[in-house]
Amino acid sequence: MMILKSKSKYDLESTLYSGQCFLWNPILSDNLQAHEIVLGGTRFRVQQLSDKIDAIYPLNITQNQSLILQNHLRVDDDLGYIYQSIESDKYLLSSFKKFEGLHLLRQDPWECLVTFICSSNNNMKRIKLMLNKLINSFDNTHTDSLGEYKTFPTPDQIIEAGEEHLRSLGFGYRAKYIFETSRIILYENIDLLKLRSQNYDDNLEQLTMFPGVGDKVANCVMLFSLDNLNAFPVDVWINRVLREIYLNDSKNKIADSRLRSHFQSYFGEYSGYINHYLFHSRRND
DNA sequence: TTTGGACCTGTACGC
DNA sequence: TGTTTCAGGTCCAAA
């Protein structure tokens, strides 16, 4: 075991299951609630220990593995700094208090892109089911001291398997989107990780070129995997909060992309972090 | 620039 | 048991 250093209090449960990532799985281990994920080909397990995170697997975790985990969990984020910036906002202040320690995650951009293409017109339970089916339908099996585990399929594996394969797994019309997106990434030789060094506008333009990726999905991918902390996904939940709390208007139609750009300016450079607190609070009302 | 309908599927409903 | 609705949207055509 190894306690990960984090800059702020860390709420693992809220962070892992707040709807930003669907690849974490709860594990009951030694009567303690642990959580498991595969990152960069390695299986990791963590558990909450007071305000911190205890990395319990791999057993003799290397420095490099520890960095991979810390990087994914964004333990260096200074939540106190973000809290300060919204001190005058009573609604936000109460939700920051209620979910103190909720962090964003830094996911793999490819896995995140597939996840949120799946999310369209869909619910959380089924998104998770679809991703599990996808992972289990490929033979990317690895073995460690806990047994076998699988890694996420690559774009070329998805192309080789074909669109029909995705349809047979229950992806519906999203099968075509994921298949075509895989083709574009492979044939145009796109390195999604490089997008981390690009700004918001360039990434929005790049991501919305993929079929099945509109404003909302692109903003999710940017916020949850590309370090664009000013990304601001507007879905039905965020739409409700913004109207009820900030606009006092639940009737007039306003395009989501207009709401998005308005509140990006309003909330500032960490608007994406604020977005996630608004989302999580509204869903847990 | 905006609007409305179609799109896969599983589930929660009403009968 | 058999419809209808809805779920963290996107795309396309038409106004």
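Here the structure is shown first, and the text comes after it.
Quick caveat, the model's predicted, so the values are computed rather than measured.

Procedures and definitions
Residues numbered from 1 in each chain as written. Chains lettered and ligands numbered in written order. Predicted model: local features only at pLDDT ≥ 70, side-chain atom pairs only at ≥ 80, totals over all residues. Heavy atoms only, no water. Salt bridge = Lys/Arg side-chain N within 4 Å of Asp/Glu carboxyl O. Helix = DSSP H or I, 4+ residues; strand = E, 2+ residues; numbered from the N terminus. Buried < 20%, exposed > 50% of the residue type's maximum accessible area, 1.4 Å probe, protein only. Contact = heavy atoms within 4.5 Å. Polar contact = N/O pair within 3.5 Å; in protein donor to acceptor, adjacent residues only side chain to side chain.

So, about the pattern of salt bridges. Enumeration according to the criterion identifies 10 salt bridges in this entry. Its salt-bridge partner being Asp227, residue Arg106 comes within 2.9 Å of it at the nearest N-O pair. Residue Arg106 is found in the loop between helix H4 (90-98) and helix H5 (109-118), and its partner Asp227 is found in the loop between helix H11 (215-225) and helix H12 (236-247); the two are separated by 121 residues along the sequence. In this structure, Asp215 and Arg260 form a salt bridge, with 2.6 Å as the shortest nitrogen-oxygen distance. Residue Asp215 is found in helix H11, and its partner Arg260 is found in helix H13 (residues 256-267); the two are separated by 45 residues along the sequence. Arg260 gets classed as buried once you look at its relative accessible area, which sits at 9%. By sharing partners, the salt bridges in this structure join Glu36, Arg43, Arg45 and Asp144 into a single network.

Assignment of secondary structure puts Val38 in strand S3 (residues 32-39). Beyond its immediate chain neighbours, meaning those up to four positions away, Val38 contacts Arg43, Tyr149, Lys150 and Thr151.

Here we take up the side chain of Thr181. Here Thr181 is to be found in helix H9 (residues 174-187). Separated by 2.8 Å, the side chain of Thr181 and the backbone oxygen of Tyr177 make a polar contact. Here the side chain of Thr181 touches Pro211 through a polar contact of 3.3 Å, landing on its backbone oxygen. Leave out the neighbours within four places in its chain, and Thr181 touches Leu113, Ile117, Phe210 and Pro211.

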